[in-house]
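So you can see what is in the structure, the chains are spelled out below.
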Amino acid sequence: MRSVVLTKGVPDFREGAVSFDEDGHLERGKTPTVMNPNDEFALKAALQTKVRHGGNVSVMSMGPPGYKEVLQEAMESVYADDLYLLSDREMAAADTWATGMTLATGIEKMEERPDVVFAGFKTADGETGHTGPQTDWCLDWPIVTHVISLDIDEEEGILRAKRLVEGEFDEIETVEAPLPCFVVTDPEFEPTYRKAAHRLTWKDLREETQDRAENFEDHLTVWNQEELNLDPDYIGLDGSPTIVSSVDPIPKAPSERDATMVTPDDEEGMAEVFEEIAPFTTGAAEAEGD
Amino acid sequence: MTDDREHYEAVVVGAGPGGAAAAATLANNDVETLVLERGTEAGSKNVSGGLIYAEESAPYTVDDLFPGFREAASERPVTENYIHALADDKVRTLDLGDIHHHDTEWADAVLRRRMDSWLAERVHEMTRETGGGLLTDVRVNGLLREDGHIVGVTCDELDPIGADMVVAADGVNSELARDAGMMDWEEPEEWFQGVKAVVQMTPEEVDERFDIDDDEGEAHLFSGDLFEGVRGGGFLYTNRDSLSIGTVFHLDSIAAQQAEPHELLDNLLTHPLLARWIDADYHEREYSAKLVPDSKKVAHPSPHKDRLVLVGDAAGQMQAQGPIIKGMNHAVTAGALAAEAFVEAKSRGKPGKAGSIYEKKLKNSGTMSKLRPTSYRATAPVSENGVVAGVTDALARSPLGSVGLTVADKLGLVEWGFNSPLVLKTLPDIRTAYATVPEVLAKATGEVITETSEVQPPDLAERIGDLTYDTDVGNPHIEVQDNSWEASGTAVTACPVSALDFGGGCYREETVKANGGEERVVSLDTQPCVECGTCAVVADTHWEHPHGGKGVEYREG
């Protein structure tokens, strides 16, 4: 079983890491790059596949050379065998379409065709959720999205998945798809390891990967535009049909609430607090305002 | 559906010394062995005093099975061994060197997290070669049966697993031994409860305060009037960079006297005698507790059923007779013998016979007679009889007793008695042996202690606050079946992380209005639970372990 996980480096939007200027614009240079948080679920699905069925997992990303660390992090978490970085100035400023085209070309250039390609649901910066499906469109494979659990029947060459369909009522669909297949994992994805043998394999993989992740560059292949034989007009900014008409910074919260500070030893103050919250504890009153 | 059920030749439940010894011996004989440990790392659920012995007469020792054990996994060897009899401001110290060295190849102080995790690494490497391996974070919750026969184990985290032999090395609160109906949690008389503080001290301070070299260590035992008449005693062992200081009491005595175990530990920690070793800079690295089976009463004489064998604490194999406290060494022996039995049974084509071969080996190796000495069984019905015990105690306290002990001491008979394997095996479990004799001895022959203690131990809230928990949210592993004070009130005092007038522990006293009156009941919050099992014995509870990896995590153990 051969799997590829697609991952992306994104600004670390966590409190304390992210940096905005006065106008509320992201300061990219001051904000560290991390692995897209949703990709964690794609990595978990790939790891489950490797643990249960053996074989090889590769991690692929398109981005600047600085993404190497993101790939290293991915290698550590998915116990990947090898890493691919598609990196070239010509690929810069690509929209999801041009990115999908580039990634699909990377996958097709791999020595052996993978059986499954995994992608996470949405990136933390773009939030479109397009890149996975568009990469798949270029590959022309079946795709299963919103996957929350996964099982592969190697003999039959079939992937069975449960997918979460959100709506008025959330539904869980069970679907089958022939391999090779493209899988987009849902943030609700949970791997399961109910066999001791699987957990033992998982432990073996973790031990094996420690050395490999330290020397991850030995397992890294970097392909540029020429090596991928991509027409510059179809990739990067030139190959991106998306037009960004304008960017509006997210407005600040309209107002700040008045806060009254009460210390626990202030008996009078605490009594007032209890009086204020008492109606809500019985469910007799609804909170006023927002 | 048994077709895709996993199967291993042997499944070992618990990665303490008993499980590790069983697994290593099985692996050495190419038996496909899976080891399942519920802690997040081996040792994270384990507590011991703790000294581990290598007995000259034992068929297996831990360093036979795990070369390099002493250098890598133990703390300091015990090179000096004393018991201190205490009364008022007096102490009479006796050298226990003879009994300590009796049948002892070596004895080392250990901390269980370090020791067990080291063993587990070796075990995983060895068992992996056989196609098995060691997994942590897996709680085995019961026995898998087919047609009423034990054929494997069931787990919280894994699908049922079949095995030709199941080794229950799952400790004093063995869920497997109970599932099999082989052990119970009914009688407080059958158990001891130990609590321990691991006290921070640099290696240089240990060397200096005990006047020892860095390759030497000491073991001190304490008995007498400092424990308010509760039957039991205290201990102090030197580790590399800490001290293990603790107390062990008969659980029935703790229950009957409504004693608070943490306060009894504080009595020891703040005793003037200990001021020579610990001072105002007292820093407690960890507070821990554990039940200890009394092998004289509960060591299972036939610890097997179908494909199940019990080893170590799970089988009640903990020898505690006066100053002799040996558990881990017997667990190692039992584990290795159980494995040996399986290998023999398998070679005869009858793996199902492993249990009865194991029983024979326990007997023939002399292990069983150490655990259940015939001399104790012969004398206990008389010496532990209430009337006889009362007379014995009064006699020891009388002027005659005092003179007798003084004369005996002058003749060297007291030290001889404490160092005599036969006397100790026969020692009755009554107050006289634990408290009265040491007290009278100290009063009559002791030296005055001149030091004063400056130690201020942390309170219970701080002790609980310093422990690490991964709370099994939404899954309280203990349920109180009968919350009346009469049925379960003892848990409030006997639980080592609960106390009367303390709301931050497991068990609390509450008064509720019922039937027009007020009722005294107990309420339970399992979050601070240290999984010792005390409440399972002294209260009416349904007691299970938390899921794999959940609950308390000991860093020292």
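Quick notes on the rules
Residues numbered from 1 in each chain as written. Chains lettered and ligands numbered in written order. Predicted model: local features only at pLDDT ≥ 70, side-chain atom pairs only at ≥ 80, totals over all residues. Heavy atoms only, no water. Helix = DSSP H or I, 4+ residues; strand = E, 2+ residues; numbered from the N terminus. Rg over C-alpha atoms; globule rule 2.2 N^0.38 Å. Buried < 20%, exposed > 50% of the residue type's maximum accessible area, 1.4 Å probe, protein only. Arc of directions from axis to C-beta. Contact = heavy atoms within 4.5 Å. Pairing = 2+ DSSP bridges. Axes fitted to C-alpha atoms, helices over the stretch in contact; angles between N-to-C directions. Buried area = accessible area lost by both parts, 1.4 Å probe. Salt bridge = Lys/Arg side-chain N within 4 Å of Asp/Glu carboxyl O. Polar contact = N/O pair within 3.5 Å; in protein donor to acceptor, adjacent residues only side chain to side chain. Nonpolar A, V, L, I, M, F, W, Y, C, P; charged D, E, K, R; others polar. Domains from an automatic or database assignment. Parallel < 35°, antiparallel > 145°, perpendicular 65-115°, else oblique. Left-handed = near helix turned anticlockwise from the far one by under 90°. Patch = residues over 30% accessible without salt bridge, like charges linked within 9 Å, V, L, I, M, F, W, Y side chains within 5 Å. Areas by Shrake-Rupley, 256 points an atom, 1.4 Å probe, with all protein chains shown as cover. Lys, Arg positive; Asp, Glu negative; His and termini not counted. Charge placed at Lys NZ, Arg CZ, Asp CG, Glu CD. 1 Å grid on protein atoms, 1.4 Å probe; cavity = no way out; pocket = protein on both sides within 12 Å on 5 of 7 lines; lining within 4 Å. Points joined across faces, edges and corners; volume = space filled by probe spheres on them.

Caption draft 1: Up close: the overall build of chain B. Within chain B, the secondary structure is distributed over 23 helices and 26 strands. Taken over the C-alpha trace, chain B has a radius of gyration of 23 Å; the compact-globule value for 557 residues is 24 Å, and the two agree within 12%. Seen through its C-alpha atoms, chain B measures out along the principal axes to roughly 75 × 65 × 50 Å. Classification of the 557 residues of chain B by burial places 61% in the buried group.

Caption draft 2: Local environment of helix α12 (residues 354–364) of chain B. Residues and elements named next belong to chain B. The complete set of buried residues in α12 reads Ala354, Gly355, Ile357, Tyr358, Lys361 and Leu362. Projected down its long axis, α12 shows its buried positions confined to an angular sector of 160°, all on one face. Summarising the geometry of α12, the exposed residues directed more than 90 degrees from the buried face are Lys360, Lys363 and Asn364. Tucked into the core, α12 has its buried residues touching β10 (161–168), β16 (304–305), β17 (308–310), α11 (328–347) and α13 (367–371). A positive phi of about 85° marks Gly366, the residue just after α12.

Caption draft 3: The sheet that holds strand β13 (residues 232–238) of chain B, seen in detail. Residue and element names in this part refer to chain B. If you trace the 8 strands from one edge of the open sheet to the other, you get β15-β11-β14-β13-β12-β4-β5-β20, paired in mixed fashion. Whereas interior strands pair on both sides, the edge strands pair on one side only; in this sheet they are β15 (284–293) and β20 (447–448). Across 7 bridges, β13 lies against strand β14 (residues 242–250) in antiparallel orientation. Its bridge partner being in β14, Phe235 is matched across the sheet by Gly246. Lying on the sheet, helix α7 (residues 203–210) is in contact with β12 (218–224), β13 and β14; it crosses β13 at an angle near 120°. The strands touched by helix α9 (residues 261–269) within the sheet are β11 (191–200), β12, β13, β14 and β15, with β14 carrying the most contacts at an inclination of about 130°.

Caption draft 4: Local environment of the interface of chain A and chain B. Residue-level contacts link 11 residues of chain A with 18 residues of chain B. The contact between chain A and chain B buries some 1200 Å² in all, and 46% of this surface belongs to carbon and sulfur atoms. Contact with chain B buries surface across chain A, with Arg194, Arg199 and Leu200 of chain A losing the most and accounting together for 51% of the total. Joining chain A to chain B, the criterion identifies 3 salt bridges. Arg194 of chain A is the partner of Asp159 of chain B in a salt bridge, and the nearest nitrogen-oxygen pair spans 3.1 Å. For the pair chain A and chain B, the number of links is 11 residue pairs in polar contact (both at pLDDT 80 or more). Classifying every residue of the side of chain A that touches chain B gives 4 nonpolar, 1 polar and 6 charged.

Caption draft 5: View of the side chain of Asp103 of chain B. All names here are of chain B. Locating Asp103 in the fold gives a position in the loop between α4 (97–101) and β6 (104–109). Here the side chain of Asp103 touches Ser57 through a polar contact of 2.6 Å, side chain to side chain. In this structure, Asp103 is in contact with Ala54, Glu55, Glu56, Ser57 and Lys370, ignoring residues within four places of it in sequence.

Caption draft 6: Broad picture of the sheet that holds strand β1 (residues 2–6) of chain A. Residues and elements named next belong to chain A. The mixed open sheet is built from 9 strands, whose spatial order is β9-β8-β7-β10-β6-β1-β4-β5-β11. Only two strands of the sheet have a single partner each, and these edge strands are β9 (171–178) and β11 (220–223). Recorded for the sheet is a direction-independent mean angle of 30° between the axes of neighbouring strands. By the bridge criterion, 5 bridges tie β1 to strand β4 (residues 56–62) in an arrangement that is parallel.

Caption draft 7: Seen up close, the domain arrangement of chain B. Residues and elements named next belong to chain B. By the assigned domains, chain B splits into domain 1 (6–75 + 110–183 + 300–371), domain 2 (77–106 + 185–293 + 383–466) and domain 3 (469–553). Contacts between domain 1 and domain 3 engage 14 residues on the former and 14 residues on the latter. Between domain 1 and domain 3, roughly 1100 Å² of surface is buried when both sides are summed, and carbon and sulfur atoms account for 40% of that area. Looking at the side of domain 1 facing domain 3, the largest losses of area belong to Arg38, Lys45 and Asn173, adding up to 46% of the total buried there. Taken together, the links from domain 1 to domain 3 amount to 4 salt bridges. A salt bridge links Arg38 to Glu531; the nearest nitrogen and oxygen atoms lie 2.8 Å apart. The interface formed by domain 1 and domain 3 holds 12 residue pairs in polar contact (both at pLDDT 80 or more) in total. Counted by class, the side of domain 1 that touches domain 3 contains 2 nonpolar, 4 polar and 8 charged residues.

Caption draft 8: Focus on the packing of helix α1 (residues 17–28) of chain B against α11 of chain B. Residues and elements named next belong to chain B. One can describe the packing of α1 onto α11 by two numbers: an axis separation of 7 Å at closest approach and a directional angle of 30°. Judged by the angle between their axes, α1 and α11 are roughly parallel. Seen along the crossing, α1 lies across α11 with a hand that is right-handed. When α1 is examined against α11, the residues Pro17, Gly18, Ala21, Ala22, Thr25 and Leu26 are found in contact with a partner set consisting of Met328, Ala331, Val332, Gly335, Ala336, Ala339, Glu340 and Phe342. Its residues assigned to classes, the contact of α1 with α11 comprises 10 nonpolar, 3 polar and 1 charged.

Caption draft 9: Structural context of a negative patch on the surface. A grouping of Asp265, Asp266, Glu267, Glu268, Glu272, Glu275 and Glu276 of chain A is seen on the molecular surface, where their side chains present a negatively charged patch. Looking at where Asp265 of chain A falls in the secondary structure, it is placed in the loop between α6 (225–228) and α7 (267–281).

Caption draft 10: Seen up close, empty space enclosed by the protein. Residue and element names in this part refer to chain B. A full pass over the atoms with the stated rule returns 4 cavities of 30 Å³ or more. Roughly 60 Å³ of volume is contained in the second largest cavity. Taken together, 13 residues make up the lining of the second largest cavity; nearest its centre are Cys495, Cys529, Cys532, Gly533 and Cys535. The class makeup of the residues in the lining of the second largest cavity is 10 nonpolar, 2 polar and 1 charged.

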